Protein chains: 2
Amino acid sequence: MPRVLRIAAAQQGPNLENDSRQVIVARLLEMMKQAKADNCDLVVFTETALTTFFPRFYADDRAEMDPWFERDMPNDATRPLFDFASENKIGFSLGYAELTPEGRHFNTQILVDKDAKIVGKYRKVHLPGHAEYEDRRAFQHLEKRYFEPGDLGFPVWRTMGGVMGMCICNDRRWPETYRVMGLQGVELVMLGYNTPSLNGLGGTDTPEIRMHHNHLSMQAGAYQNATWVVGVAKAGEEAPGYHLMGGSCIVDPDGRIVARAETEDDELVIHDCDLDTCKFLKQSTFDFAAHRRTEHYGPIVEQTGATPPPE
Amino acid sequence: MPRVLRIAAAQQGPNLENDSRQVIVARLLEMMKQAKADNCDLVVFTETALTTFFPRFYADDRAEMDPWFERDMPNDATRPLFDFASENKIGFSLGYAELTPEGRHFNTQILVDKDAKIVGKYRKVHLPGHAEYEDRRAFQHLEKRYFEPGDLGFPVWRTMGGVMGMCICNDRRWPETYRVMGLQGVELVMLGYNTPSLNGLGGTDTPEIRMHHNHLSMQAGAYQNATWVVGVAKAGEEAPGYHLMGGSCIVDPDGRIVARAETEDDELVIHDCDLDTCKFLKQSTFDFAAHRRTEHYGPIVEQTGATPPPE
């Protein structure tokens, strides 16, 4: 099994509110075809790749949002992606809103191998935003209203020659995300994001600072676990005043950005990722068995919020 | 109490094997005087500031290393620092090798307030390197031979107007270090490091990559916990072929390097650190109580080494 994977981060321009899944999937399929023509092994699509980022909409009745969710995968809309994958032996990862037969809602990403088999499923653990309408915000970010926190943890899968994991958007800011996968020997983390260029709460942060946060989080997660990280944006204006950052990138196990999107449109960012380059740091600086001191990590699990010392 | 602390990272040029503590402390005192003249509130010195980085030496009998350790603090050699602090109302943090009355050895850092009172002590948890002589290395890194892992966890202290924590050198590469302090509301993390510019094990990493690792780790720790981080190097050639990186810096709660050393000598890196700038991210993106999902973090504490899925 070769250990060099040619990976395409398939950045996506905006999905508008009224874009049908058929129109959107045609764009994804076009990127998959380009990736195949460039001999890629794997295409990583973004979070909620099939729809606009609907958590900016408020609905009193949450069920009104169900049309944004997928009840089956593949389904009629996404079958062309699976068909292309199996016919052309190219893997992919895809983010979408998942509505289960039991009526549960998750922000989900799947990993599909070169035979178009779904080999992995991840459900977003760290939901940002809020559950109720908040007037103070320039725009709503209602992920906590429309999704449950993921119930699958941070699993990894051995497939396509490596140890693969996924996370989604806000998950990338939390070192716990990468560490739980790092403890399973992860060599490639795939993630999509829909991240507004401005914080709806104001504050002093600029689009430049927020892009820095975006890359810093992925670079640190890559280095500190000696893994490749592929981060894929949905970018551009999905609605007036609602601009999503781009900056899709591929990060090597030293935490260096080795390839990066230049636009805010549909754009492939391609790199040959040698999974064996994970080994040096995994066996030296980040030989976890030799160096971690779990007896001092207890609060990370025992305590959720911060408890500063008394004033 | 003012919430803006003017902090000096006191980078140190090399300490040679035969430099006496008196000679070295005179250099530290000179930097303290400069910092006071520049109205600093706090001077952060480096790891093993009082001696050369002796873990590069091998001794069959570990007790031969005891002369590199301090049995009391303050002691005759370091008293001038404490006297200057209390007379001039300036705090400091100092790293040194500690030999306890019970005969235990730690890589230690203390925090001293403006009345020269030792208000905090930290003992390095993540000891890098190895315990036995290894022929394959270009130079030895015997921290695991000469020190015990720290037994105090990652405490913080409310002093000098903020919530302060410390860690040492290799600790800075581990997100657990910052997170345990972040869970206690830390606003300023002080750390020193003695980091060789080349990995003694070879590998493909260059001094540039290793400097990138150094800064990336501190920037991520700062951002992901919304805290200031002050990183202070011992820099330059302590012996032929044994070159330590510089790059001392002050990192803001957005994970940006706001001040950085330009030399590999004794050099002050000074910045006005407004501890209130920690608040925005602590109350939004990194509102731990709202967003952390500890039910999925168990392996971080339950498992030390990595366990990849079967081949």
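Conventions we followed
Residues numbered from 1 in each chain as written. Chains lettered and ligands numbered in written order. Predicted model: local features only at pLDDT ≥ 70, side-chain atom pairs only at ≥ 80, totals over all residues. Heavy atoms only, no water. Pairing = 2+ DSSP bridges. Helix = DSSP H or I, 4+ residues; strand = E, 2+ residues; numbered from the N terminus. Axes fitted to C-alpha atoms, helices over the stretch in contact; angles between N-to-C directions. Contact = heavy atoms within 4.5 Å. Buried area = accessible area lost by both parts, 1.4 Å probe. Salt bridge = Lys/Arg side-chain N within 4 Å of Asp/Glu carboxyl O. Polar contact = N/O pair within 3.5 Å; in protein donor to acceptor, adjacent residues only side chain to side chain. Nonpolar A, V, L, I, M, F, W, Y, C, P; charged D, E, K, R; others polar. Core = buried A, V, L, I, M, F, W, Y, C linked by side-chain atoms within 4.5 Å. Buried < 20%, exposed > 50% of the residue type's maximum accessible area, 1.4 Å probe, protein only. Parallel < 35°, antiparallel > 145°, perpendicular 65-115°, else oblique. Left-handed = near helix turned anticlockwise from the far one by under 90°. Least-squares fit on C-alpha atoms with pLDDT ≥ 70 in both. Phe/Tyr/Trp six-rings, centres within 6.5 Å; stacked < 30°, edge-to-face > 60°. Expected span 1.5 Å × (residues − 1). Lys, Arg positive; Asp, Glu negative; His and termini not counted.

**Concerning the sheet that holds strand E2 (residues 42-44) of chain A**
Residues and elements named next belong to chain A.
Okay, step 1: Strand order in the open sheet made by the six strands is E5-E4-E3-E2-E1-E14, with mixed pairing throughout. The sheet is open, and its two borders are formed by strand E5 (118-123) and strand E14 (267-274), each paired with just one other strand. Going from strand to strand, the sheet's axes swing by 25° on average, the running direction of each strand aside.
Okay, step 2: Of the pairings in the sheet, the one linking strand E3 (residues 91-99) to strand E4 (residues 105-112) comprises eight bridges and is antiparallel in character. Across the sheet, Ser-93 pairs through a bridge with Leu-111, a residue of E4.

**Remarks on the interface of chain A and chain B**
Okay, step 1: Contacts between chain A and chain B engage 70 residues on the former and 70 residues on the latter.
Okay, step 2: A buried area of about 6,100 Å², summed over both sides, lies between chain A and chain B, and 64% of it is on carbon and sulfur atoms.
Okay, step 3: In this assembly, chain A and chain B are joined by six salt bridges.
Okay, step 4: Here Glu-176 of chain A makes a salt bridge to Arg-179 of chain B, at a shortest N to O gap of 2.6 Å.
Okay, step 5: If you look at where chain A meets chain B, you find 36 residue pairs in polar contact (both at pLDDT 80 or more).
Okay, step 6: Across the side of chain A that touches chain B, the residue classes break down as 31 nonpolar, 26 polar and 13 charged.

**Examining the nonpolar core**
Okay, step 1: Among the nonpolar cores identified, the biggest contains 112 residues, and Leu-188 of chain A together with Leu-188 of chain B are the most heavily contacted of them.
Okay, step 2: For Leu-188 of chain A, the contacting residues outside a window of four places in its chain are Leu-5, Ile-7, Leu-42, Val-163, Met-164, Gly-165, Thr-227, Trp-228 and Val-230 of chain A.

**A look at the packing of helix H1 (residues 21-37) of chain A against helix H2 (residues 79-88) of chain A**
All names here are of chain A.
Okay, step 1: Running from N to C, H1 and H2 cross one another at 15°; their axes reach a closest spacing of 10 Å. Classified by the angle their axes make, H1 and H2 are roughly parallel. Judged by the twist between their axes, the crossing of H1 over H2 is right-handed. Contacts between H1 and H2 involve Val-25, Leu-28, Leu-29, Met-32, Lys-33 and Lys-36 from the former and Pro-80, Leu-81, Phe-84, Ala-85 and Asn-88 from the latter.
Okay, step 2: Classifying every residue of the contact of H1 with H2 by side-chain character gives eight nonpolar, one polar and two charged.

**Brief notes about the pairing of E3 of chain A**
Residues and elements named next belong to chain A.
Okay, step 1: For E3, a buried count of nine out of nine residues is recorded, marking the element as mostly surrounded by other parts of the structure.
Okay, step 2: Across three bridges, the pairing between E2 and E3 is parallel. Across the sheet, Leu-42 pairs through a bridge with Gly-91, a residue of E3.
Okay, step 3: Hairpin geometry of E3 and E4 is characterised by an intervening segment of five residues between the two adjacent antiparallel strands and by a positive phi of about 85° at Gly-103.

**A short note on helix H4 (residues 175-182) of chain B**
Along an α-helix, residues three or four positions apart point the same way, because every turn accommodates 3.6 residues.
Okay, step 1: Among the eight residues of H4 of chain B, eight are classified as buried, and the element is accordingly described as predominantly covered.
Okay, step 2: Those residues of H4 of chain B that sit buried are Pro-175, Glu-176, Thr-177, Tyr-178, Arg-179, Val-180, Met-181 and Gly-182 of chain B.

**Regarding the side chain of His-141 of chain B**
Okay, step 1: Following the sequence through the fold, His-141 of chain B ends up in the loop between strand E5 (118-123) and helix H3 (143-146).
Okay, step 2: When neighbours within four sequence positions are excluded, His-141 of chain B is seen to be in contact with Phe-53, Pro-55, Pro-128, Gly-129, His-130 and Pro-196 of chain B.

**Regarding the pattern of salt bridges**
Okay, step 1: On inspection of all chains with the given rule, the structure shows 59 salt bridges over all chains.
Okay, step 2: Asp-272 of chain B serves as the salt-bridge partner of Arg-6 of chain B, at 3.1 Å between the closest nitrogen and oxygen. Residue Arg-6 of chain B is located in strand E1 (residues 4-11), and its partner Asp-272 of chain B is located in strand E14 (residues 267-274); the two are separated by 266 residues in the primary sequence.
Okay, step 3: The salt bridge partner of Lys-89 of chain B is Asp-115 of chain B, with a shortest N-O separation of 2.7 Å. One end of the pair, Lys-89 of chain B, is in the loop between helix H2 (79-88) and strand E3 (91-99); the other, Asp-115 of chain B, is in the loop between strand E4 (105-112) and E5, and 26 residues separate them in sequence.
Okay, step 4: Look at Lys-89 of chain B and you get partly exposed, because its relative accessible area is 43%.
Okay, step 5: When salt bridges with common partners are traced through the structure, they connect Glu-98, Arg-104, Lys-121, Arg-123, Glu-148 and Asp-151 of chain A into a single cluster.

**Overview of the relation of the copies chain A and chain B**
Okay, step 1: Turning chain A through 180° and shifting it by 0.0 Å along the axis lays it on chain B, with an RMSD of 0.0 Å. Look at the turn and shift together and you get a two-fold axis relating the two.
Okay, step 2: Interface overlap between copies is the fraction of interface residues in one copy that are interface residues in the other; for chain A against chain B it reaches 100%, indicating a shared surface.

**What to know about the environment of Tyr-297 of chain B**
Okay, step 1: Mapped onto the fold, Tyr-297 of chain B is located in the loop between helix H7 (288-291) and helix H8 (298-302).
Okay, step 2: The residues touching Tyr-297 of chain B, leaving out its near neighbours within four places in the chain, are His-126, Glu-176, Val-180, Ile-300 and Val-301 of chain A together with Arg-292 of chain B.

**Notes on the packing of aromatic side chains**
Okay, step 1: Counting across every chain of the model gives 28 aromatic pairs over all chains.
Okay, step 2: Between Phe-69 of chain A and Phe-147 of chain A, the aromatic rings sit 5.6 Å apart at their centres with planes inclined by 55°, giving tilted as the arrangement. Here Phe-69 of chain A, found in the loop between E2 and H2, pairs with Phe-147 of chain A, found in the loop between helix H3 (143-146) and strand E6 (156-159); they are 78 residues apart in sequence, far enough to count as distant.
Okay, step 3: Its relative accessible area of 6% is what places Phe-69 of chain A among the buried residues.
Okay, step 4: The class of Phe-147 of chain A is buried, set by a relative accessible area of 5%.
Okay, step 5: Arranged with centres 5.2 Å apart and planes meeting at 70°, the rings of Trp-174 of chain A and Phe-286 of chain B form a pair that is edge-to-face. In this pair, Trp-174 of chain A sits in the loop between strand E7 (162-168) and helix H4 (175-182) while Phe-286 of chain B sits in the loop between helix H6 (279-283) and H7, so the two residues belong to two different chains. Like Phe-286 of chain B, Trp-174 of chain A is buried.
Okay, step 6: Every member of this aromatic cluster is reached through a ring pair, and the members are Phe-54, Phe-57, Trp-68, Phe-69, Tyr-146 and Phe-147 of chain A.

**Topic: helix H5 (residues 207-225) of chain A**
Okay, step 1: The terminal C-alpha atoms of H5 of chain A lie 27 Å apart, and with 19 residues this matches the ideal 27 Å at 1.5 Å per residue to within 8%.
Okay, step 2: A positive phi of about 50° marks Ala-226 of chain A, the residue just after H5 of chain A.

**Some thoughts on the side chain of Arg-172 of chain B**
Okay, step 1: By the secondary structure assignment, Arg-172 of chain B is in the loop between strand E7 (162-168) and H4.
Okay, step 2: Within the buried set, Arg-172 of chain B has no salt-bridge partner at all; the shortest N-O distance to an opposite charge, 6.9 Å, is to Glu-47 of chain B.
Okay, step 3: Residues within four places of Arg-172 of chain B in sequence aside, it is in contact with Gln-224 of chain A together with Cys-167, Tyr-178, Leu-191, Tyr-193, Thr-195, Asn-214, Ser-217 and Met-218 of chain B.

**Quick word on the sheet that holds E7 of chain B**
Residues and elements named next belong to chain B.
Okay, step 1: Taken in spatial order, the six strands line up as E6-E7-E8-E9-E12-E13 in an open sheet, and their pairing is mixed. Looking at the sheet topology across the chains shown, the edges are occupied by strand E6 (156-159) and strand E13 (257-260). Taking the axes of each pair of neighbouring strands and ignoring which way they run, one obtains an average angle of 20° across the sheet.
Okay, step 2: For strand E12 (residues 249-251) and E13, the ladder comprises three bridges, and the chain directions are antiparallel. Across the sheet, residue Cys-249 finds its bridge partner in E13, namely Arg-260.
Okay, step 3: With respect to the sheet, H4 is in contact with E6, E7, strand E8 (188-193) and strand E9 (228-233), its orientation differing from that of E7 by roughly 160°.
Okay, step 4: Along the sheet, helix H5 (residues 207-225) makes contact with E8, E9, E12 and E13, crossing E12 at roughly 30°.

By themselves these figures say nothing about function.
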